[in-house]
Amino acid sequence: MATRRIISQEKTLLEKDDRIGFSPSASEKSNITPAVPASVIIKLLAFTFAMIVIPISSYFLTVDRLFKGNSTYAGATAAIMANVVLIGYIIVAMAEDQSDQENEKKEGGGKAEGKKDL
């Protein structure tokens, strides 16, 4: 059975540097902010809920009341409603992306104008 020797030149576990690889040292505060804003996650969850509820409810509401038992037309209505929700999500995502780009242009434009005055 081999034993481990402690060499005086070798650092002990307590003396070793806290920074190993890419992990931050103990004195540095780690960045725990999410990569995606909370508003984006809320919108995604809302549209996910709508994608589940709206087509199913439209099927069951129209199968007996509007189409008098014809499940083909009720299924087509549910598919159309799923596409409406999907298109709505795309429009909201594009509008949010455009507003982000406009904000970046405003911030960048203000800095560039300030440099020209110097």
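Residues numbered from 1 in each chain as written. Predicted model: local features only at pLDDT ≥ 70, side-chain atom pairs only at ≥ 80, totals over all residues. Heavy atoms only, no water.

Student: Got a minute to help me understand the overall build of the protein chain in this structure?
Tutor: Across its full length, the protein chain holds 2 helices and 0 strands. Burial status across the protein chain gives 9% buried among its 118 residues. For the protein chain, contacts bridging at least 24 residues in sequence account for 41% of all contacts bridging at least 6. Accessible surface, the protein chain: about 10,600 Å² in total, of which carbon and sulfur atoms supply 63%. (Helix = DSSP H or I, 4+ residues; strand = E, 2+ residues; numbered from the N terminus. Buried < 20%, exposed > 50% of the residue type's maximum accessible area, 1.4 Å probe, protein only. Contact = heavy atoms within 4.5 Å. Areas by Shrake-Rupley, 256 points an atom, 1.4 Å probe, with all protein chains shown as cover.)

Student: Whenever I open this one, the environment of Ile54 confuses me. Can you help?
Tutor: Tracing the backbone shows Ile54 in helix α1 (residues 38–65). Judged by its relative accessible area of 31%, Ile54 is partly exposed. Distance in space between the C-alpha atoms of Ile54 and Ala82 is 7.2 Å, their sequence separation being 28 residues. Non-local contacts of Ile54, meaning those with residues more than four positions away in its chain, are made with Met81 and Val85.

Student: Explanation requested: α1 in the structure shown.
Tutor: Side chains three or four residues apart in an α-helix point the same way, a direct result of the helix having 3.6 residues per turn. Its 28 residues place the ends of α1 40 Å apart at the C-alpha level, agreeing with the 40 Å of an ideal helix rising 1.5 Å per residue. Buried residues of α1: Ala50, Pro55, Ser58, Thr62 and Val63, and no others. (Expected span 1.5 Å × (residues − 1).)

Student: Quick question: what am I supposed to make of the confidence of the model for the protein chain here?
Tutor: If pLDDT is low for a region, its predicted coordinates should not be looked at in detail. Here the protein chain averages 81 in pLDDT, while 70% of its residues score no lower than 70. Note that residues 111–118 has pLDDT below 50 and, in this model, 0 contacts with residues that lie over four places away or in other chains. (pLDDT = per-residue confidence, 0-100.)

Student: Would you explain a negative patch on the surface in this entry?
Tutor: Together, Asp97, Asp100, Glu104 and Glu107 give the surface a local cluster of negative charge. Residue position: Glu104 is located in helix α2 (residues 71–117). (Patch = residues over 30% accessible without salt bridge, like charges linked within 9 Å, V, L, I, M, F, W, Y side chains within 5 Å. Salt bridge = Lys/Arg side-chain N within 4 Å of Asp/Glu carboxyl O. Lys, Arg positive; Asp, Glu negative; His and termini not counted. Charge placed at Lys NZ, Arg CZ, Asp CG, Glu CD.)

Student: How should the UniProt feature "transmembrane region" (unreviewed entry) in the protein chain be read in this particular structure?
Tutor: When the UniProt feature table is mapped onto this chain, "transmembrane region" (unreviewed entry) is found at residues 40–61 and 73–95. Across residues 40–61, helical content stands at 100% and strand content at 0%; the span's end C-alpha atoms are separated by 31 Å. (UniProt positions renumbered as here; feature names shortened; annotations may be inferred.)

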